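Each chain is listed here by its residues.
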Number of protein chains: 2
Amino acid sequence: MRVKLVVAYDGTNYKGWQVQPNGVTIEEKLNDALTNLFKTPINVIGASRTDSGVHSLGNVCIFDVDTRMPAEKICFALNQRLPEDIVVIDSCKVADDFHPRFVKSKKVYEYRILNRKFPDPTRRLDTHFYYYDLDVKKMEQAAKFIEGEHDFKSFCAANAQVKTTVRTVYACEVFKKDDVIIIRVTGNGFLYNMVRIIAGTLIKVGSGDIRPEELKDIIEKKDRGFAGPTAPAKGLTMISWEEEK
Amino acid sequence: MRVKLVVAYDGTNYKGWQVQPNGVTIEEKLNDALTNLFKTPINVIGASRTDSGVHSLGNVCIFDVDTRMPAEKICFALNQRLPEDIVVIDSCKVADDFHPRFVKSKKVYEYRILNRKFPDPTRRLDTHFYYYDLDVKKMEQAAKFIEGEHDFKSFCAANAQVKTTVRTVYACEVFKKDDVIIIRVTGNGFLYNMVRIIAGTLIKVGSGDIRPEELKDIIEKKDRGFAGPTAPAKGLTMISWEEEK
């Protein structure tokens, strides 16, 4: 049967999702736990290959296995075989042809900026500390230009190789919760570093370096050089992945 | 001059506040940073000797130094000499006879319980994960019995040596924020492990093992054996320390 897992992780100690030679990854830890559980080599296929240091509350992956264990029990058996910074929060049986990269999906990411005068050591792992006061209202105005179907070439790492840089952002919201500014982006897919470049650009808007309405031009330029810097990975959390029917 | 520091830390990687032979402590890291900054041996005196694994957003300590550096700049110089899990959020000059252990003070602690079906790896360091549904209403009712001046012997680690186990709890509040239950305790001082034993007892109330009104008896027994277990250190954060005038 084909099984879908929903996986939460603190990405601090990992070289991102995807298996690679130079460091431990989330995918590798899941493969090891599954291989240990089912005593046969298993390789998962993930929905989102999150970067080194990026967190997730709900990444999705699939694998095939021949077992009598009910799919919904697999998460419990896996969690006993995983380190405490990776937790499988759901497991269920899916159709044999279900593939998270080839279905229409809705992904939600949040970028968190701790905006105050001193860092908070208890929130240092999943927020980006920013000292100067940011104007949330301006960031909100700028975020509106991100929404819709656009060619997001200006918001894509310059070295990325993709067929098309057109994506649809369903919503780009900015709000403050205590001293954390949250940028929540919902879309059908994101380019390499796209959310972090959006965050870096909105920080420039909040600090007054870029006017909110300039976002329109930055998008139209289709040139990475016009957007803001790529904000640090630790502030980014993948919130959820959902199939769109 | 005598200088007061306000210190925030993630206690995960420390053997508590107080210098001790078997592991690195917050006090030791502050002493090292101050000694390095002022090129003379300095030892701080802390307001609260928090336990191994306990966090703080505002512990207080003092030290004496002969320097022309303005007291309010010291925090910045220190933060450059401290690891990122310890942050001095304020420094100021105080009276030469000010001593945080010999003044009347108000301390606020929070105990955080992540109450849901799966752990959240991004909040594993400063919440205690609890699987079974807790009844927050009952916990709130029980918490009311904690308030006031009482002999808290039942809520003190059995091996603690203190002159008196009478303390005043100004407020003991229980509330839920998303899937985290917060127990906020404000008092003029706390016995060894007191807030963690209060938390362990309120968890027993929330799970139905202890009735809210039984708290009255537990206090009256003056015997550690009648209260609940000591909840894990990682869920506890010292929020603030304030001098009472």
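Under an unreviewed UniProt entry, chain A has the name tRNA pseudouridine synthase A and belongs to Lachnobacterium bovis DSM 14045. Among the UniProt annotations of chain A, the heading Catalytic activity (unreviewed entry) holds the following wording: "uridine(38/39/40) in tRNA = pseudouridine(38/39/40) in tRNA". For the record of chain A, the UniProt heading Sequence similarities (unreviewed entry) holds the text "Belongs to the tRNA pseudouridine synthase TruA family."

Quick notes on the overall build of chain A
Each helix and strand counted, chain A has 5 helices and 10 strands in total. The C-alpha radius of gyration computed for chain A amounts to 19 Å, which stays within 12% of the reference 18 Å derived for 245 residues, consistent with globular compactness. By residue count, 53% of the 245 residues in chain A fall in the buried class. Of the contacts made within chain A by residues no fewer than 6 positions apart, 70% connect residues no fewer than 24 positions apart. Of note, chain A has its 37 positive side-chain charges centred 1 Å away from the centre of its 34 negative side-chain charges.

Let's talk about the UniProt feature "binding site: substrate" (unreviewed entry) in chain A
Residue and element names in this part refer to chain A. UniProt marks Tyr109 with the feature "binding site: substrate" (unreviewed entry), using the numbering shown here. Tracing the backbone through its elements, the reader meets Tyr109 in strand S5 (residues 105-115). Since its relative accessible area comes to 9%, Tyr109 is described here as buried. Those residues in contact with Tyr109, other than ones at most four positions away along the chain, are Ser48, Thr50, Ile183, Arg184, Val185, Phe190, Val195, Leu236, Thr237, Met238 and Ile239.

Describing the environment of Thr230(B)
Residues and elements named next belong to chain B. Within the element layout of this structure, Thr230 appears in the loop between helix H5 (214-221) and strand S10 (236-243). Classification of Thr230 as partly exposed rests on a relative accessible area of 31%. Taking C-alpha positions, Thr230 is 11 Å from Lys204, a pair spaced 26 residues apart along the chain. For Thr230, the side chain forms a polar contact with the side chain of Arg224, separated by 3.1 Å.

Quick look at the domain arrangement of chain A
Residue and element names in this part refer to chain A. Parsing chain A into structural domains produces domain 1 (2-94) and domain 2 (105-243). Using only C-alpha atoms to locate each centre, domain 1 and domain 2 end up separated by 27 Å. Taken together, the contacts link 15 residues of domain 1 with 15 residues of domain 2. Buried surface at the junction of domain 1 and domain 2, both sides included, amounts to about 1,100 Å², of which 56% is carbon and sulfur. Where domain 1 touches domain 2, the interface holds 1 salt bridge. Across the pair Arg196 and Asp51 runs a salt bridge, and its minimum N-O distance is 3.1 Å. Here domain 1 is connected to domain 2 by 8 residue pairs in polar contact (both at pLDDT 80 or more). Its residues placed into classes, the side of domain 1 that touches domain 2 shows 4 nonpolar, 9 polar and 2 charged.

Remarks on the packing of aromatic side chains
The full count for this structure, using the stated rule, is 16 aromatic pairs over all chains. Look at Phe152(A) and Phe155(A): their rings are 6.2 Å apart centre to centre, the planes differ by 70°, and that puts the pair in the edge-to-face class. Comparing Phe152(A) with Phe155(A) shows no difference in burial state: the two are buried. Clustering of aromatic rings is evident, with ring pairs tying together Tyr130(A), Tyr131(A) and Tyr132(A). The residue whose ring lies beneath Lys117(B) is Tyr131(B), and the NZ or CZ to ring-centre distance is 4.0 Å.

Quick look at the pairing of strand S10 (residues 236-243) of chain A
All names here are of chain A. As paired elements, strand S3 (residues 55-64) and S10 share 2 bridges and run parallel to each other. By the bridge assignment for S10, His55 is matched with Thr237. For S5 and S10, the ladder comprises 7 bridges, and the chain directions are antiparallel. Bridging across to S10, Val108 finds its partner in Ser240.

Digging into the relation of the copies chain B and chain A
In screw terms, the move from chain B to chain A is a rotation of 180° and a rise of 0.0 Å along the axis, fitting with an RMSD of 0.0 Å. Considering both components of the superposition, the chain copies are consistent with a two-fold axis. Taking C-alpha positions as the reference, the residue of chain B nearest the rotation axis is Arg123(B), at 4.6 Å.

Looking at a nonpolar patch on the surface
Together, Phe76(A), Tyr131(B) and Tyr132(B) give the surface a local cluster of nonpolar side chains, amounting to about 340 Å² of exposed area. The residue Phe76(A) is located in helix H2 (residues 74-79) in this model.

Thresholds applied
Residues numbered from 1 in each chain as written. Chains lettered and ligands numbered in written order. Predicted model: local features only at pLDDT ≥ 70, side-chain atom pairs only at ≥ 80, totals over all residues. Heavy atoms only, no water. UniProt positions renumbered as here; feature names shortened; annotations may be inferred. Helix = DSSP H or I, 4+ residues; strand = E, 2+ residues; numbered from the N terminus. Rg over C-alpha atoms; globule rule 2.2 N^0.38 Å. Buried < 20%, exposed > 50% of the residue type's maximum accessible area, 1.4 Å probe, protein only. Contact = heavy atoms within 4.5 Å. Lys, Arg positive; Asp, Glu negative; His and termini not counted. Charge placed at Lys NZ, Arg CZ, Asp CG, Glu CD. Polar contact = N/O pair within 3.5 Å; in protein donor to acceptor, adjacent residues only side chain to side chain. Domains from an automatic or database assignment. Buried area = accessible area lost by both parts, 1.4 Å probe. Salt bridge = Lys/Arg side-chain N within 4 Å of Asp/Glu carboxyl O. Nonpolar A, V, L, I, M, F, W, Y, C, P; charged D, E, K, R; others polar. Phe/Tyr/Trp six-rings, centres within 6.5 Å; stacked < 30°, edge-to-face > 60°. Lys NZ or Arg CZ within 6 Å of the ring centre and 35° of its normal. Pairing = 2+ DSSP bridges. Least-squares fit on C-alpha atoms with pLDDT ≥ 70 in both. Patch = residues over 30% accessible without salt bridge, like charges linked within 9 Å, V, L, I, M, F, W, Y side chains within 5 Å. Areas by Shrake-Rupley, 256 points an atom, 1.4 Å probe, with all protein chains shown as cover.

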